[in-house]
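# A structural walkthrough
Here's the letter readout for the chains.
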There are 2 protein chains.
Amino acid sequence: MNYACLIIIGNEILSGRTQDLNLAFLGKRLNKLGIRIAEARVISDDSDVIINTLNECRSKYDYVFTTGGIGPTHDDITSAAVANAFGVPLIRDPEALTLLRQHYANPKDLNEQRMKMCEVPKGAKLIDNPISKAPGYQIENVFVLAGVPRIMQAMYEALKDRLVPGEPMKSRTIIAFIGEGKLAEGLGNIQIIHSQTEIGSYPFIRDGRLGTALVLRSTDQKALDEATQAVNVLVTNFKVEHFEEISAE
Amino acid sequence: MNYACLIIIGNEILSGRTQDLNLAFLGKRLNKLGIRIAEARVISDDSDVIINTLNECRSKYDYVFTTGGIGPTHDDITSAAVANAFGVPLIRDPEALTLLRQHYANPKDLNEQRMKMCEVPKGAKLIDNPISKAPGYQIENVFVLAGVPRIMQAMYEALKDRLVPGEPMKSRTIIAFIGEGKLAEGLGNIQIIHSQTEIGSYPFIRDGRLGTALVLRSTDQKALDEATQAVNVLVTNFKVEHFEEISAE
C-alpha cells in the first residue's frame, strides 16, 4: 500500500461557495491502484500556507496531489508557491507555450496573464489537459492539478500511468436495515478476530428507514471473504432485511 | 474576524465512499457570524492522528470543529482521542445518560455499545442533538459533532450561540460570460487598488457556455461597494453578458 495526501487549495472551498468533488474522485481512483489517501487538507490561497503545507506533506507521503490555483488570474498563486517550496525558479515551459499558442487562434488572446499558465517550477514534467490545454505538472512526488473537476479528472487520466501501484484495497458492503447500536457488540468482536480487514459502520436513513452500511476493506481477498461471511452471519441472526451492495470502492 | 479549523474524521471520506458536505455547510454558516474557516483537514480513524491533529489545531485557531466518529461502534474512536488530547479521563455523563434512557423505550436497547455515546471527556459541555438524542459536546474551544450531515446541522443550531461573533464577511458575486484570462489583467489591477476586498475568480461552464464568477469579499461594506463598482466597469467594457448574482455567502 502506498500513501498519498491531497492538498485542496482555494478560499472558495473553505467559504462553502464551492463544494469540493476532487477528494471523492481521487480517493476512489487511487484506491483502485492500491494507493490510499491518508489525509486531505483544504487550505487558503496564501503563499506561506501553501509552501509550508506542501513541504510538510511531500516528505511524509509517497504522493502529494494539489488541486486549484493554476489559472491566469491574480488569485492563482499555486505554481509560484510550489516553485518556492522546491527552491527552484519558475520557468516558462516551451512545450506549454506551444500548446497554448495552438489553442488560441488569435495570438492576441494569449496575453501576459494567460502566459502565466505556461510557467512551471524548473524540472517539472507536464501533465496533459485535453479540455482547456493549460497543463498541470509533476515535480518529484508532487502532482499539481487544476481545481475544476472536469479538468482535474482529465489530468488524472493523463498522469495515472506514472504512479507506482500498490496492493489494491478490495471492498464489500453489506446494507442492513437495523440501527448500528444493535450490531455494535457483534461487529466489535468480528473486528478483533478479523484484524486484517478494516470494518467501517455507517448509519443512514433511506426513505425514512434507519439502516447501517457495513463496509469491509482489505488487500487480502481471503481475509475479506472470511470477515464478510462473519458479518453476514451476524446480520442474518437479527432477522432484518439486508443485502450485499456492489461497491465501486 | 475569528478563525476556525474543521477536522473531518473518517476513512469513508478519504476513500471516496462518502462525499463530505459538512465543510460547505459550516463554511457558509460560520461566515455569517464573522468566523472564517482557515483550514480543514480530513483525517483517518486513527487515534494518534486524531490526537496530534487536534492538539496542533486547537492551539492555532479560535475554534476547532470535529465531525465524525462519535457513534456506538468499534470504529468510533473520536471521544477517546479527544479526552486523550486534553489529558482528561472519559466519563459517563449523567445528562447524556438520561437523554438516551428517554430515547430507548425498551431499556434493553440501551446496551453497552450505545452507552459509549454517553461518554465525554471530563469538563465537556453537551450539545443538543434533537434528531437521534446522542449529544455532541464542547470542551474548551473544541466542538465535537456528529458526521451525519442532518445531525451535524442540528447540533450547529444548538451550539451557535456559544460562539463569539466576529465581523461578518460581506460578499458580492458578478457572473460574466467571458474567459477569466481576458479579465485577468484588469482584475489584477483592481485587486491592487482595492486591497481591503478579496477578489476571487472562478471559471465555469454553464449550459456549454464558458464564464467566470467574480466573488468579492470584505468585512468593510464601503470598500466592497467600491471594488464591486470597479469590477462592474471592467466587465461592462468587454460588452459581454453579465449580471450580479445574489450570493448566500
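Since this is a predicted model, take the numbers as computed values, not measurements.

This part takes up the overall build of chain A. Scanning chain A from N- to C-terminus turns up nine helices and 12 strands. Along the first, second and third principal axes, the C-alpha set of chain A runs to 70 × 35 × 30 Å. Among the 249 residues that make up chain A, the fraction classed as buried is 55%. Across chain A, every contact between residues at least 6 apart in sequence was considered, and the portion connecting residues at least 24 apart equals 69%. For chain A, the exposed area adds up to about 10,600 Å²; of that, 51% sits on carbon and sulfur atoms. Of the charged side chains in chain A, 27 are positive and 31 negative, and the gap between their average positions amounts to 4 Å.

In this model, E140 of chain B sits at a positive phi of 50°, which is unusual for a non-glycine residue. Relative to the elements of secondary structure, E140 of chain B occurs in the loop between β7 (136-139) and β8 (142-145).

For the rest of this paragraph, the subject is the domain arrangement of chain A. Domain parsing of chain A yields domain 1 (2-162) and domain 2 (170-245). Centre-to-centre, using C-alpha coordinates, domain 1 of chain A lies 38 Å away from domain 2 of chain A.

Take the state of the cysteines next. A complete count under the given rule lists zero disulfides over all chains for this structure. Unpaired in this structure, C57 of chain A has its nearest cysteine sulfur neighbour in C5 of chain A, at a distance of 3.6 Å.

What follows concerns the interface of chain B and chain A. Taken together, the contact pairs 56 residues of chain B with 57 residues of chain A. Summed over both sides, the interface between chain B and chain A buries roughly 4,300 Å², with carbon and sulfur atoms accounting for 53% of that surface. In this structure, the connection of chain B to chain A is made through one salt bridge. In this structure, K182 of chain B engages D109 of chain A in a salt bridge whose closest nitrogen and oxygen atoms are separated by 4.0 Å. The element contributing the most residues to the side of chain B that touches chain A is helix α8 (residues 180-193) of chain B, with eight residues. Its residues placed into classes, the side of chain B that touches chain A shows 19 nonpolar, 19 polar and 18 charged. Pairing between strand β2 (residues 35-43) of chain A and strand β2 (residues 35-43) of chain B: five bridges, direction antiparallel. Of the residues in β2 of chain B, the one forming a bridge with A40 of chain A is V42 of chain B.

Residue and element names in this part refer to chain B. The four strands are arranged β10-β11-β9-β12 in an open sheet whose pairing can be described as antiparallel. Two strands lie at the open edges of the sheet, namely β10 (198-206) and β12 (242-245), each paired on one side alone. On average, adjacent strands in this sheet sit at an angle of 20° to one another, irrespective of strand direction. Running over the sheet, α8 touches β10 and β11 (209-218) and is turned about 170° from β10.

Scanning the entire structure with this criterion turns up 10 aromatic pairs over all chains. Residues F65 of chain B and F143 of chain B carry aromatic rings whose centres are separated by 5.3 Å and whose planes lie at 20° to one another, so their mutual orientation is stacked. Pair noted here: F65 of chain B is in strand β3 (residues 63-67) and F143 of chain B is in strand β8, with a separation of 78 residues, a long-range link. For F65 of chain B, a relative accessible area of 1% gives the class buried. Aromatic pair F177 of chain B and F204 of chain B: ring centres 5.8 Å apart, planes at 90°, arrangement edge-to-face. Here F204 of chain B lies in strand β10 and F177 of chain B lies in the loop between β9 (170-176) and α8, a separation of 27 residues in the sequence. Its relative accessible area of 15% is what places F177 of chain B among the buried residues. Grouping aromatic residues by their ring pairs yields a cluster made of Y63, F65 and F143 of chain A. The ring of F177 of chain A has R209 of chain A sitting right over it, with the charged end atom 3.9 Å from the ring centre.

Evaluation of the coordinates by the stated rule reveals three cavities of 30 Å³ or more. The calculated volume of the largest cavity comes to roughly 160 Å³. Forming the boundary of the largest cavity are 16 residues, of which Q19 and D20 of chain A together with Q19, D20 and L23 of chain B lie nearest the centre. Put simply, the parts of the chain that give the lining of the largest cavity at least two residues each are α2 (22-32) of chain A together with α2 (22-32) of chain B. Of the residues contributing to the lining of the largest cavity, the split by class is 10 nonpolar, four polar and two charged.

Residue and element names in this part refer to chain A. One open sheet holds the four strands; their spatial order is β10-β11-β9-β12, and the pairing between them is antiparallel. Looking at strand neighbours, the two that pair on one side only are β10 (198-206) and β12 (242-245), the edges of this open sheet. Taking each pair of neighbouring strands and ignoring which way they run, the sheet shows an average axis angle of 20°. In the sheet, β10 pairs with strand β11 (residues 209-218) via nine bridges, with the strands oriented antiparallel. Residue I205 lies in a different strand from β11, and its bridge partner there is L210. In this fold helix α8 (residues 180-193) packs onto β10 and β11, with an angle of close to 170° to the strand it touches most, β10.

Quick notes on the rules
Residues numbered from 1 in each chain as written. Chains lettered and ligands numbered in written order. Predicted model: local features only at pLDDT ≥ 70, side-chain atom pairs only at ≥ 80, totals over all residues. Heavy atoms only, no water. Helix = DSSP H or I, 4+ residues; strand = E, 2+ residues; numbered from the N terminus. Buried < 20%, exposed > 50% of the residue type's maximum accessible area, 1.4 Å probe, protein only. Contact = heavy atoms within 4.5 Å. Areas by Shrake-Rupley, 256 points an atom, 1.4 Å probe, with all protein chains shown as cover. Lys, Arg positive; Asp, Glu negative; His and termini not counted. Charge placed at Lys NZ, Arg CZ, Asp CG, Glu CD. Domains from an automatic or database assignment. Disulfide = S-S within 2.5 Å. Buried area = accessible area lost by both parts, 1.4 Å probe. Salt bridge = Lys/Arg side-chain N within 4 Å of Asp/Glu carboxyl O. Nonpolar A, V, L, I, M, F, W, Y, C, P; charged D, E, K, R; others polar. Pairing = 2+ DSSP bridges. Axes fitted to C-alpha atoms, helices over the stretch in contact; angles between N-to-C directions. Phe/Tyr/Trp six-rings, centres within 6.5 Å; stacked < 30°, edge-to-face > 60°. Lys NZ or Arg CZ within 6 Å of the ring centre and 35° of its normal. 1 Å grid on protein atoms, 1.4 Å probe; cavity = no way out; pocket = protein on both sides within 12 Å on 5 of 7 lines; lining within 4 Å. Points joined across faces, edges and corners; volume = space filled by probe spheres on them.

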